[in-house]
Structures are given as structure tokens and as C-alpha cells.
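# Results of the structural survey
Residues per chain are reported as follows:
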Amino acid sequence: MGTWRRYSTAAGRWRDEQKASSAPVVSVRDGGGGVHFNPTKYFVEEVVTGVDESDLHRTWIKVVATRNSRERNTRLENMCWRIWHLTRKKKQLEWEDIQRVANRRWEQEQGRRDATDDMSEDLSEGEKGDIVGELLHIETPKKMLQRNISDIQVWSDDNKEKKLYIVLISLHGLVRGENMELGRDSDTGGQVKYVVELARALSMMPGVYRVDLFTRQIASPDVDWSYGEPTEMLTSGSYDAEGNDVGESAGAYIIRIPCGPRDKYLRKELLWPYLQEFVDGALAHILNMAKVLGEQVGGGHPMWPYVIHGHYADAGDVAALLSGALNVPMVLTGHSLGRNKLEQLLKQGRQSKKDINATYKIMRRIEAEELSLDASELVITSTRQEIDEQWGLYDGFDVKLERILRARARRGVNCHGRYMPRMVVIPPGMDFSNVAIQEDTADADGDLKDLIGADGASPRSVPPIWAEVMRFFTNPHKPMILALSRPDPKKNITTLLKAFGECRSLRELANLTLIMGNRDDIDEMSGGNASVLITVLKLIDKYDLYGLVAYPKHHKQSDVPEIYRLAAKTKGVFINPALVEPFGLTLIEAAAHGLPMVATKNGGPVDIQRALNNGLLVDPHDQKAIADALVKLVSEKNLWHECRKNGWRNIHLFSWPEHCRTYLTRVAACRMRHPQWKTDTPMDDMFVEESFGDSLTDVQESSLRLSVDGERSSPTASLEYDPVELEKVAAGKSDLELQDQVKRILSKIKKQTPEPQAIINSNKQNEASGAAIPKYPLLRRRRRLFVIAADCYDSSGAPDKKMLQVIQEVFKAIRSDSQMSRISGFALSTAMSISEALNLLKLAKIPHTDFDALICSSGSEVYYPGTAQCMDAEGKFCADPDYATHIEYRWGYGGVKRTLTKLMNSQGVQDDKASEKSTGIIVEDINSSNPHCVSFIVKDTTKAMPVDDLRQKLRMRGLRCHLMYCRNATRLQVIPLLASRSQALRYLFVRWGLSVTNMYVILGERGDTDHEELISGNHKTLIMEGIAERGSEELQRTAGSYQKEDIVPGESPLIVYTNKGIVAEEIMKALKEASKAATGM
């Protein structure tokens, strides 16, 4: 402060001098020349375009070193302008932040009030008073513990007969089981270590058969080859503790799923457009594994995941989609949260919200976290502070409303589809297997001199990392203060170094060791990390700390326990001075090795200190408090030993077995669900036995693919095989396996099975004549599915004739190739209701039985024309009942309808009576609604709220659903959370086994607000330009939200375009291009 006071005085003196003098002022760039100062140019070039808080210190150093008075005055003026502009910017951002927080608080209160008012209609007068009681009621810890114990059965060895399959997802960073490169970059940190150890620990628990940890596959020359391996075993569970064989697939595994560019390592901010690809790849693995596990230990029935657990926002987004596709419970661990980060960055005042979003894709991250809250049964946090101060910032979680809904659920009262996820605190576990906890005697550690020698020589072998650390010290026998973190500004290493450098008694008592990740060249590091390291080096030089501070360049993950052990041998202290620490795994590791701690009082360390009672908490901004706490622990040996004993005594609370036991106990208390079909689908109960074309799959699968690629070597290569030639092969001396395949094919030929096209024609005849119709759709036997999802509508929302043209030309293109036609099916995906879709097809005389599936009402209904699956008892056309059950989760038709009508029709209306008289913006479209779709006609699109705003308001009221504007923004449709046109395709995969990779989705360049969801994924996408002149995108999102490029990849070999009109030849050409590109991936 003294420096800045001198600066202010000098600046004021400079202004007085300028008033008394008419000498011209020059710019810094003029170097003292005779050019006159241009205020406008100076302000633009030197201030607005270059404001940086770190610049001020550099400028002040130059001012002090400048002898020329004119140049010094110019630099002082530079600083004045910069400080003024920075202060003004901070004030503006603070005001905007206050306004935003106030508006949000009002929105939350309004949402909570609306929700309680709506639900209170089901209660008697006496019960209505209980809602207020729930809002005000606060449970004591004792009552909470008693209730939890009475309501939940603790997981025990009695569950060892269960065979659970658990899926964990941690998408970003470099994930492997051994030699983890923690600290290599900001994406490869504590989360990577946590999820790997969690997978290992869960696989060891009674009742858990297999754990799969999904992450991204990276085949880049920039990283080790091991990150490109599809599978890595973490633990083998082939034998249990008694030595019994439990199955070859048991254990814990890392499963790497390819997504995005195969040869590039992408930081997490760049992964968002590729999440749909990851979902499809992970879904394929889960379906295959469910079948394999079912054959091994499930009695032949698929063994679905017990739970899908997403870690961080990106994995939470993936887990939400997988959970919806499979209808299994989802669990979320946020690790660090986007809204909290956004709030912290805005308070710093250095960047606007727009700049923050451009750098961190923060709005896409926040939306992923909101979606994760929508789908999660359980949210696991490390501390109570994370629930109250971080998750409380989200639209999808309100502590007070969550209590109300939980109380109503216990009483069996209807919540009208409202839901809040359950938040539980489960501290992360630790692996203490390599830690030898000793009795705390006077010589428990031995004498360090006996190990390293009095003069620092090494009479006996010591770990290499000890020598690497001790070479920095003049006296390595002094107690070591150990800090271990990556060089991130928020880890506050520089404040620790200043506290150490400015406290003489601390410097005399102890050494300081800074383990700041691994580095080769500071110039090659990211800006923030490099800046911290440069500052550390400057501070060491400033305080002349050579011989007192160690900062090794490299260490292995296996060296970390040895570093803790060295600090404990010297009777040192571990410190975590982070500005905010979400949890603090290193504090637990240090305690396990007998190190007392000094830690930040912000975040998780508060709970850790409460449990372990092994150190002191400090304000991370207070240098003196940090120094005093370190001196106290280092100098007071009785206190040091007491903290050490307490840490060892209580460390079991953070063991992995304890963590996993609590974890499984909480998950078991969730609402368990998994795919359940009302009608079984045995493989041998089909209208048609395996067709000849399908039987040839193993022999000529490549031929089927080349039919699309256009790479057939000759026009005579086809699916028609000469039985005589096959007989020759069967009788020859060729490969035995090939002979067996050919013999099976010949047996099929002799059965004279009809071709699929003939079967379809037969189906039509049977339907017309009232004969028996197939029980199941032919989707089960398809090798390709062409999904027509073109949103072509006129200004009134009626289907445009171009939609019919697209259908007809797609049919023509596919049927022009006999091979492709033989193995292909068609689906129509639309926002129209089933009646409107059938009328449209009837208008063009297109039989609805030409489609294997009709996905209607924006994905809320699925039909299979011409099958018994979609016929009710009276013979009427009906939707797939299994899909209706599948998407029922968290759906409240009445609550959504009432809330949405009120929100849309009361905009700007203060009085409820006036609202009733108002004609409103929307009116219910009864003809387009169904039990899983609330449809509204939008009367005035200029007053309609964007999807983002509506979704936020519904979340604040506890309603979880999927809403979109469609049909040229003339309709607003709300469907269940698990339903959508894109998720319906994954349902077809799960239900009928038709892989998403074999689907071709045909779209226009514009469409409904769910249009973007249909573009990404492992399917091939054909975008036909010019067929949809107008869509509903203007109502998709607000200006400050995430953008299309955060959802759809800019370039992908799976996305192709055609712009030469609706022509069959162009369509076929584009489809071949997409198939060829996908084959080369």
C-alpha cells in the first residue's frame, strides 16, 4: 500500500505540474520525441485495447527506473488511464452482477411460489400448512442421522450374491491406470486419479461384478500410445476372495470410446460438439456388454447397468443421454461447477461474460450441468458447502423446494411431475494400502541423519525423488513445508511464497518444497501456469530464498507417497493455500502419511479438518495468518504430535471401502429402473426366418457396404449367388470355417425363403385381406435405416410439398440399387401427429407400410406400420407401448400444461384477472396433443419466449421436460425428458438392435429447435440445402447462451451436403460419400 500511496502522490504532483506547464505530452511509443500527444488515439490504442491488471505492475517498475521526467510523466499518465478504466469496468460488472443476482433470486422465489401453489390443490387445509413448515424446518445433525439410518439399509456383505454392472464416465484429460500424468495439463488432475481409484475400489465391493470407466480414445502422436488402446484392465475379478471363478468379464476396466478427430488430443472446452458421438459409441459397448454379462451370470437375460455415473459437466451430459436411452438411474459428481467459476471470473472484473464464454465455453458447460440435474437420481458432493453455495446457483436445484417435494413423496402426495435431485455428501476415498501407519513414538520416524547422513551424503539407498528435492537445500534436516498442486493462479502458491519470504522466523525454522506438476520448458506451458512459475522464480530471487526452497521440474505419480514420507521424516507440515478448494484430496493423503496440515478455510478443508482435527485453517488472502500457522505447527512439537495422532486415528473415514459402502448404500436407495418390454421378443419367434440375404452377412458384409460406397469392382457382383458354385466351394479343400458357412447358406437356399421386398408386399396383402400380420417390425433385420427428418412447412405450419418430394426422391434413390433396397428400411421423423403424418402420406399415395417406423410428435410417439406391435385389441393403429413406458419417467402432463400456459400467457400482465381475460400468446392444440406431448399453437411469435428462458423457468418450478418450437415456430411442443427425435433413434437401437452407425438421417439446413440434436452422432447425416427456407431457430436460445458450434461439429466426415435440388441421383451420390467417409474413419 505504501508503494501505491507514493504513486498516487507522484501522480497528483504530475497533474499539478501539467497545469502549470504548457509543454506537450508525448506517447510512450514516441520515446520522448517531439510529437504532440493525441488524447483520442492514446485512449484507444494504449488504454481500451490493452487494459490488463498485470500490466500495471510492469509499468510502475518502468516508471521507477525512468530518469527522463517527461517519459516518467507519460508512463504515470498511462497508469492513471489504465487504473481509471479498470476501476470503471469493475464497477460496471459489479453492478451487472448485483442486478443479475437480484433478478435470479426473484425468479427462484416466484418459481417456488408457483410450484407450491400448484401442488397445494391436492392437500387439505391442514396439510397446506405443512408446506410452510417444510420450508422453515431445519433438521439437527442428530435427527438427520437418525432418519438416514432408519430409512436406508447400509450396504453389507449380504449383497455379495448380487452381480452388478456399474458404468463410470470421465471424458476429458488423459486417463490410464498406471503412471498417470497428473498435472500435465489442466484437464489431467485430481479427477483422473479419483475416477480410476473409484473404479478399482467399486470392483472390489461385495455384489459388484464389473465396473467400466468410459473415457475418450486418443490416438495422437502428441500423447502416449496407451491412450489409444480401446480397453485397459484395472483389476481382474475372475476369482473372488475364496478363489472361486466368478467369470471372465468381471473386474474393472477403462473403455476408450472414439469421438471427434481421431488423431488429436482436445482440451475439454473443444469436446462439446462431439459428445453425441461419444454417447453412441458408449451405448454400443453397453448393449454388447449387457448381452455378454447376461450370458455369463444373468441367466441369458441382458444385464443392464445398475447405475451410470457421470463425472464433470461433459460426462454428465453424456450420462444423461445414456441414462435416457437405457432407462437406468444416473448419478452425477460435478467436481467443479461452471456457474461458480463464472461468478468468480466476473467478480475479478477482468473479462466480460462474453469473453469468458468465448474462452471457457462456460454457457455450454452450465447447460450440460443443468441437463445432468434434470436426469440425475443422485448428486454426490464432497462437502456441504458445495451444495449450499455452488449447486444452489442452478435453475435445476432449490434446497427449499427439494424439501417440499421429498416430504410430499414420503406422504404419497402427487407432485405433478415435479422433481429435485437428491444431494448427498460422500467424501472421496483414499488408497491407504501403501501407507504404513506407525505408533507415534519419539523415534517413530528414526533420525533423518541416519538415512541421508549429517552432511547430506547418502550412506544408504534413499528414493531418487528425495535426492532430487534435497539437492535444493543448504540444510535438508530442517522441517519441510510441503505444497503440492499444479501451478494454477487459484492454487495461491505465490501468496504462500510471499508469506515464507517475509517471515524471518519461518525461514530459519523450515524449508519450503513446491511440487508444481511436471515441466520441460516454461515457454511451452499454458499462459496461466507459465505466469505462476515465472512469478515463483522471481519471488525466490527477490527474497533470496536459494537453499531454502525446492521446486523440482519432474516427478512421477509413484513418487508422491515418498515426498509425503520425506516431509514427515523431517517433522514438517503440509499446506494447501488455495483460494477455494472444492475438496482437498492431498490433505487426506498427507494426513495418512503423518503430516499435520495448514489449509484454506474456503471449501472442503473445513469438513476434512472437522473429521480429522489434524491442523489449522487460515484465510488464504492473509500472508501473516499463513506464516503464523506454519510457525506454530513447526515450532510446537506437542501440537505437531497431537495433530499427527488425530490424523491417523480418524483417517479410516476417508478410506475407499468406506466411500464405496456409503456410495452403494445411497445408490441402492434410488428408484431402480431398467429397460422393460411389455412384450418379449424371442429371436426364434419371427414372422420370417432369417432371410437368405441376412444369412450371407459374414461372407459378403463388405459387398453390402460397397453397394453404398460405389466401389464395387464389377457390375456383376451382387447378392445373387449360384447354388452350383456354392456346392463346389462346400465340397472343396478350402478353409473349413468357410465351408461351414457355405453349407449353412445352402441350407437356407433350399428353404426357398422369400426376399424382404416380397415379404413387405405380402405384409400389405395380408393387412388388406385381414390375414395374420407380423408381430414385430422388420427393423430387427435391417442393415440400413434411412430416417427422413426434413422440417418443411409453410407459414401456417402445414407440411410443404417439398417434404413429399424429399420422401419420394429418397425412396427412388434407395430402390434404384437392388442390393441397398434389399437390406434397407425407412423411418419418418416429424413434429406432426400421427394423423397428420398419415394424411400427408395418403395425399401423395405413399403407403404408410413403406416405413418401418414413424416417429411422431417430436419424438413422443413411435409407430411400426403393418405390425401387431402397433395394433390395439380392437385392431386400431396405436403407438409402441414399450416406448410410452420408456419415456414416462418424470413426466407430469398436467403440471407442464398449466405452468406453461400461465408463463406464456401472463407475460407483462400483473393482474391474474387481466391474465384470464387476455387472449394470450399460445392456445392448446388439442388435435396434435397426446398423453406424452402437450402441443400449443403459437399465435404471436414476436412475444414468444425463447426455449432457453422457458426451460429455465420450468426447471425453477421443478419440472423436467424437453420442449421445442416446431413447424416454422407455429407450434410449441413439450414432451418428456427422455423423449426426443434423436433419443428415439437410440431407442430403436436398444429395442431392436439396429445400430445407430447404420442410420442415415436426412435433414434440411433449417428446422425445428431440436434440429441440431439430429445432426451430431455416429449416424450419417445428409443435409439438403434449399428445402427448408425457414425454421424455428430464432426462438432457440437467448443472445448470451451457448451457440450452434458448441453442439454441432464444424467439420465432420459423417455430415455431407447436397445443394442441387431434390434429385434422387444427388441424394444417392451424397449417401455414398457419407458412407465412404465413415468407412475411412
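Residues numbered from 1 in each chain as written. Predicted model: local features only at pLDDT ≥ 70, side-chain atom pairs only at ≥ 80, totals over all residues. Heavy atoms only, no water.

An unreviewed UniProt entry lists the chain under the name Sucrose-phosphate synthase, from Canna indica. Per UniProt, the chain has the following entry under Subunit (unreviewed entry): "Homodimer or homotetramer." UniProt annotates the chain under Pathway (unreviewed entry) with the comment "Glycan biosynthesis; sucrose biosynthesis; sucrose from D-fructose 6-phosphate and UDP-alpha-D-glucose: step 1/2." (UniProt positions renumbered as here; feature names shortened; annotations may be inferred.)

### Topic: the overall build of the chain
Per the secondary structure count, the chain includes 40 helices and 25 strands. Partitioning the contacts of the chain with sequence separation of at least 6, the portion at a separation of at least 24 is 72%. Summing over all exposed atoms, the chain offers an accessible surface of approximately 47600 Å²; the carbon and sulfur share of this is 50%. (Helix = DSSP H or I, 4+ residues; strand = E, 2+ residues; numbered from the N terminus. Contact = heavy atoms within 4.5 Å. Areas by Shrake-Rupley, 256 points an atom, 1.4 Å probe, with all protein chains shown as cover.)

### Notes on the sheet that holds strand E4 (residues 251-257)
Strand order in the open sheet formed by eight strands is E3-E4-E2-E1-E5-E6-E7-E8, and the pairing between neighbours is mixed. Because the sheet does not close on itself, it has two edges, and the strands there are strand E3 (231-236) and strand E8 (422-425). Averaged over neighbouring strand pairs, the angle between their axes works out to 20° when direction is ignored. Sitting on the sheet, helix H7 (residues 190-203) is in contact with strand E1 (164-169), strand E2 (208-216), E3, E4 and strand E5 (307-311), with an inclination near 160° to E2. (Pairing = 2+ DSSP bridges. Axes fitted to C-alpha atoms, helices over the stretch in contact; angles between N-to-C directions.)

### Section: unusual backbone geometry
Positioned with a positive phi, histidine 335 is a non-glycine residue whose angle comes to about 65°. Mapped onto the elements of the fold, histidine 335 is located in the loop between strand E6 (330-333) and helix H10 (338-348). Of note, the phi angle at serine 858 is positive, near 60°, even though the residue is not glycine. Looking at where serine 858 falls in the secondary structure, it is placed in the loop between strand E17 (853-856) and strand E18 (861-863).

### Some thoughts on the sheet that holds strand E13 (residues 597-600)
Here we have six strands laid out as an open sheet, ordered E11-E10-E9-E12-E13-E14, and parallel in their pairing. Edge positions in the sheet fall to strand E11 (549-550) and strand E14 (615-618), since each of these pairs with one other strand and no more. Bridge analysis of strand E10 (residues 511-515) against E11 gives two bridges, and the strand direction is parallel. Residue pairing in the sheet places threonine 513 in a bridge with alanine 550 of E11. Helix-sheet contacts for helix H17 (residues 493-502) involve strand E9 (480-484), E10, E11 and strand E12 (573-576), and the interaxial angle to E10 is about 170°.

### Some remarks on the nonpolar core
For soluble globular proteins, the rule of thumb is that nonpolar side chains tend to be buried together. If you look at the biggest cluster of nonpolar residues, it comprises 147 residues, and the most contacted ones within it are Ile169, Phe851 and Leu988. Counting the residues that make up this core, at least three belong to each of domain 1 (157-237 + 246-425) and domain 3 (779-890 + 979-1079). Apart from the residues within four sequence positions on either side, leucine 988 is in contact with Leu779, Leu785, Val862, Tyr864, Gly993, Leu994 and Met999. Membership of the second largest hydrophobic core comes to 74 residues, among which are Met430, Phe473, Ala483 and Ala568. (Core = buried A, V, L, I, M, F, W, Y, C linked by side-chain atoms within 4.5 Å. Buried < 20%, exposed > 50% of the residue type's maximum accessible area, 1.4 Å probe, protein only. Domains from an automatic or database assignment.)

### Some remarks on the environment of leucine 326
By the element assignment, leucine 326 lies in helix H9 (residues 312-326). Sequence spacing of leucine 326 and proline 305 is 21 residues, and the spatial spacing of their C-alpha atoms is 8.7 Å. Discounting chain neighbours no more than four positions away, the residues touching leucine 326 are Leu283, Ile286, Leu287, Trp304, Pro305, Ile308, His674, Pro675, His886 and Val990.

### A look at the packing of H10 against helix H12 (residues 362-375)
Direction vectors running N to C along H10 and H12 enclose 145°, while the axes themselves pass 8 Å from each other. Contact residues: H10 offers Gly338, Arg339, Lys341 and Leu342, while H12 offers Ile362, Met363, Arg365, Ile366, Glu369 and Glu370. Looking at the contact of H10 with H12 residue by residue, the classes come out as four nonpolar, one polar and five charged. (Nonpolar A, V, L, I, M, F, W, Y, C, P; charged D, E, K, R; others polar.)

### Structural notes on helix H25 (residues 656-668)
The end-to-end C-alpha distance of H25 is 18 Å, a good match for the 18 Å that 13 residues give at a rise of 1.5 Å each. Of all the positions in H25, only Trp656, His659, Cys660, Tyr663, Leu664, Thr665, Arg666 and Val667 are classed as buried. (Expected span 1.5 Å × (residues − 1).)

### A short note on the packing of helix H4 (residues 69-119) against H10
Between H4 and H10, the least distance of the axes is 8 Å, while the angle of their chain directions is 145°. For the pair H4 and H10, the contacting residues are Lys90, Leu93, Asp97, Arg100 and Arg104 in the first and Arg339, Glu343, Leu346, Lys347 and Gln348 in the second.

### Digging into a negative patch on the surface
There is a patch of like negative charges on the surface, built from Asp520, Asp521, Asp523 and Glu524. For aspartate 523, the position within the fold is in the loop between E10 and helix H19 (527-542). (Patch = residues over 30% accessible without salt bridge, like charges linked within 9 Å, V, L, I, M, F, W, Y side chains within 5 Å. Salt bridge = Lys/Arg side-chain N within 4 Å of Asp/Glu carboxyl O. Lys, Arg positive; Asp, Glu negative; His and termini not counted. Charge placed at Lys NZ, Arg CZ, Asp CG, Glu CD.)

### Some words on H10
It helps to recall that an α-helix has 3.6 residues per turn; residues three or four apart then point in one direction. Every buried residue of H10 is accounted for by Gly338, Arg339, Asn340, Leu342, Glu343, Leu345 and Leu346. Where H10 is buried, its residues meet H4, helix H11 (353-360), H12 and helix H13 (384-390).

### Some thoughts on the side chain of lysine 478
Along the chain, lysine 478 turns up in the loop between helix H16 (464-470) and E9. At 2.9 Å, the side chain of lysine 478 forms a polar contact with the backbone oxygen of arginine 507. Leaving out residues up to four positions away in the same chain, lysine 478 has contacts with Arg507, Glu508, Leu509, Ala510, Asn511, Leu548 and Thr570. (Polar contact = N/O pair within 3.5 Å; in protein donor to acceptor, adjacent residues only side chain to side chain.)

### Points about the packing of aromatic side chains
Taken as a whole and assessed by the stated rule, the structure comprises 13 aromatic pairs. For the ring pair tyrosine 864 and tryptophan 992, a centre distance of 5.6 Å and an interplane angle of 90° mean the geometry is edge-to-face. Here tryptophan 992 lies in helix H38 (residues 981-992) and tyrosine 864 lies in the loop between E18 and helix H34 (881-886), a separation of 128 residues in the sequence. On the basis of relative accessibility, which here comes to 0%, the residue tyrosine 864 falls in the buried class. On the numbers, 6.3 Å between centres and 85° between planes, the contact of tryptophan 891 with tyrosine 893 is edge-to-face. (Phe/Tyr/Trp six-rings, centres within 6.5 Å; stacked < 30°, edge-to-face > 60°.)

### Some thoughts on the pattern of salt bridges
Counted according to the given criterion, the structure contains 52 salt bridges. Of the charged contacts, one joins lysine 902 and aspartate 114 as a salt bridge, the two residues approaching to 3.4 Å between their closest N and O atoms. Placement of lysine 902 in helix H35 (residues 893-905) and of aspartate 114 in helix H4 is noted, with a sequence separation of 788 residues between them. When its relative accessible area of 45% is taken as the criterion, lysine 902 is described as partly exposed. Given a relative accessible area of 12%, aspartate 114 falls into the buried group. With its nearest N and O atoms 3.4 Å apart, the salt bridge here joins aspartate 395 to arginine 339. Here aspartate 395, found in the loop between H13 and helix H14 (399-411), pairs with arginine 339, found in helix H10; they are 56 residues apart in sequence, far enough to count as distant.

### Structural notes on the pairing of strand E24 (residues 1020-1024)
For E24, the tally of buried residues reaches five of five residues, placing the bulk of the element in the interior. Residue alternation in E24 divides its side chains into two sets, Lys1020, Leu1022 and Met1024 and Thr1021 and Ile1023, and both sets are buried. Bridge analysis of strand E23 (residues 999-1004) against E24 gives five bridges, and the strand direction is parallel. Its bridge partner being in E24, tyrosine 1000 is matched across the sheet by lysine 1020. Sheet topology note: the E24/strand E25 (residues 1055-1058) ladder contains four bridges and is parallel. Residue pairing in the sheet places methionine 1024 in a bridge with threonine 1058 of E25.

### Details of the confidence of the model for the chain
As a note on interpretation, predicted positions should not be read in detail where pLDDT is low. Chain-level statistics for the chain give a pLDDT mean of 81 and a share of 78% at 70 or above. Contacts of residues 1-11 to residues separated by more than four positions or lying in other chains number eleven contacts, the stretch itself having pLDDT below 50. Contacts from residues 749-765, a stretch scored under 50 in pLDDT, to residues over four places away or in other chains number 26 contacts. (pLDDT = per-residue confidence, 0-100.)

### What about the environment of alanine 115?
Secondary-structure assignment places alanine 115 in helix H4. For alanine 115 and threonine 899, which are 784 residues apart along the polypeptide, the C-alpha to C-alpha distance reads 8.7 Å. In this structure, alanine 115 is in contact with Leu401, Arg418 and Arg957, ignoring residues within four places of it in sequence.

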